[in-house]
Amino acid sequence: MTNMKKNFPLDKAYRLLNHGPVVLISSTLDGKNNIMPIAWQSPVDLDPTRLALIIGDHSHTFKVVGKTKELVVNLPTVELVDKVFSCGKCHGHEVDKFRKFNLTPEKASKVKAPLIGECVANLECKVVDDKMMDTHNIFIVEVVAAWVEEGAYDEFLRVDKPNVKTLHHLGADVFTVPAEIIRAKKINV
Ligand SMILES: Cc1cc2nc3c(=O)[nH]c(=O)nc-3n(C[C@H](O)[C@H](O)[C@H](O)COP(=O)(O)O)c2cc1C
């Protein structure tokens, strides 16, 4: 017998799936850098690594990335939670978020958009498909360079440090972080 289930509001159904790490999208246009947090992101291909990013057309980032076709996906950890949340409450055409939230723009190697120095990892990306930009705000990007903080990832290139806590958005101002690293055993079939 399964546990009893109850109905869940459809307009909040995304929250049942919304546990991938929140990332910060950095972009630049005409010498103005910007930062936007997004929770809706997913890898879609391995080689080359491609990601799907949902960047709403209400945002300044949508306009910038639509023009420049490049950005950086930065991975924040728990120490940055207030800054991550606050970056999502204002717009880049009104506020210089790097300055306001005391974050450090660093030069990227293959794109003009800056890396965010305080993030544990940074993926430099170029837009390779924007066909769904106008219908679904979806940008397919390819990772063209990737950087990680020394010591944060193990020899298998996995996060293996309990102190590296990525942020996972549960809705509104509520986030969760990974509590522990666990290793699964394969059940023989
Ligand atoms: C934790 C969090 C997650 C968010 N996820 C998304 C998202 O997946 N897609 C999106 O379009 N907006 C998302 N937003 C809203 C944008 O970050 C917000 O509109 C931001 O102010 C846009 O910045 P910009 O106008 O400077 O580009 C999120 C906000 C927060 C705080």
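Above: the structure in question.
What counts as what
- Residues numbered from 1 in each chain as written.
- Predicted model: local features only at pLDDT ≥ 70, side-chain atom pairs only at ≥ 80, totals over all residues.
- Heavy atoms only, no water.
- Helix = DSSP H or I, 4+ residues; strand = E, 2+ residues; numbered from the N terminus.
- Rg over C-alpha atoms; globule rule 2.2 N^0.38 Å.
- Buried < 20%, exposed > 50% of the residue type's maximum accessible area, 1.4 Å probe, protein only.
- Contact = heavy atoms within 4.5 Å.
- Lys, Arg positive; Asp, Glu negative; His and termini not counted.
- Charge placed at Lys NZ, Arg CZ, Asp CG, Glu CD.
- Pairing = 2+ DSSP bridges.
- Axes fitted to C-alpha atoms, helices over the stretch in contact; angles between N-to-C directions.
- Polar contact = N/O pair within 3.5 Å; in protein donor to acceptor, adjacent residues only side chain to side chain.
- Phe/Tyr/Trp six-rings, centres within 6.5 Å; stacked < 30°, edge-to-face > 60°.

Caption draft 1: Representation of the overall build of the protein chain within the structure. For the protein chain, the count of helices and strands is four helices and eleven strands. A globule of 189 residues ought to have a C-alpha radius of gyration of about 16 Å, and the protein chain, at 17 Å, matches this closely. Reported as C-alpha extents along the three principal axes, the dimensions of the protein chain are approximately 60 × 40 × 35 Å. A total of 189 residues make up the protein chain; the buried ones form 39% of that total. Taking the intrachain contacts of the protein chain between residues at least 6 apart in sequence as the baseline, contacts between residues at least 24 apart amount to 57%. For the protein chain, the distance from the average site of its 25 positive side-chain charges to the average site of its 24 negative ones is 3 Å.

Caption draft 2: View of the sheet that holds strand S3 (residues 41-46). With antiparallel pairing, seven strands are arranged side by side in an open sheet as S2-S1-S5-S8-S9-S4-S3. Each of the sheet's edge strands pairs with one partner strand only, and the pair in question is strand S2 (32-38) and S3. Strand after strand, the sheet turns through a mean of 35 degrees between neighbouring axes, direction not considered. In this structure, S3 lies alongside strand S4 (residues 49-54), joined through five bridges in antiparallel fashion. Among the inter-strand pairings, Pro-43 is bridged to a residue of S4, identified as Leu-51. Taken strand by strand, helix H1 (residues 60-68) contacts strand S1 (23-29), S2, strand S5 (70-75), strand S8 (121-129) and strand S9 (138-148), and its axis lies near 60 degrees from that of S1.

Caption draft 3: Molecular detail of the pairing of S2. Taken across its seven residues, S2 has five buried, putting it largely inside the fold. As defined by bridge partners, S1 adjoins S2 across seven bridges and the pair is classed as antiparallel. Across the sheet, Ile-25 pairs through a bridge with Met-36, a residue of S2. Between S1 and S2, which pair antiparallel in sequence order, lie two residues; one of them, Asp-30, sits at a positive phi of approximately 50 degrees.

Caption draft 4: Layout of the environment of Lys-97. Within the element layout of this structure, Lys-97 appears in helix H3 (residues 97-100). Of the residues examined, Lys-97 reaches a relative accessible area of 3% and is grouped as buried. Sequence-wise, Lys-97 and Val-144 are 47 residues apart; in three dimensions their C-alpha atoms are separated by 25 Å. Sequence-distant contacts of Lys-97, that is, excluding residues within four places in its chain, are made with Asn-34, Ile-35, Cys-87, Cys-90, His-91, Gly-92 and Asn-102. Only 2.8 Å separates the side chain of Lys-97 from the backbone oxygen of Ile-35, close enough to count as a polar contact.

Caption draft 5: Seen up close, the packing of aromatic side chains. Scanning the entire structure with this criterion turns up three aromatic pairs. Their ring planes at 70 degrees and their centres at 5.4 Å tell us that Tyr-14 and Trp-40 sit as a pair that is edge-to-face. One end of the pair, Tyr-14, is in the segment before S1; the other, Trp-40, is in the loop between S2 and S3, and 26 residues separate them in sequence. Ring geometry for Phe-85 versus Phe-175: centroids 6.4 Å apart, planes at 90 degrees, classification edge-to-face. You can see Phe-85 sitting in helix H2 (residues 81-87) and its partner Phe-175 sitting in strand S11 (residues 174-176), a full 90 residues away along the chain.

Caption draft 6: Structural view of H1. Every buried residue belonging to H1 is among Thr-61, Phe-62, Val-64, Val-65 and Gly-66, and all of these are buried. Looking at the buried positions of H1, the neighbouring elements they touch are S1, S2, S5, S8, helix H4 (133-136) and S9. Positive phi appears at Lys-69, one or two residues downstream of H1, with a value of about 60 degrees.

Note that every value here comes from positions in space, so none of it alone points to a role or purpose.
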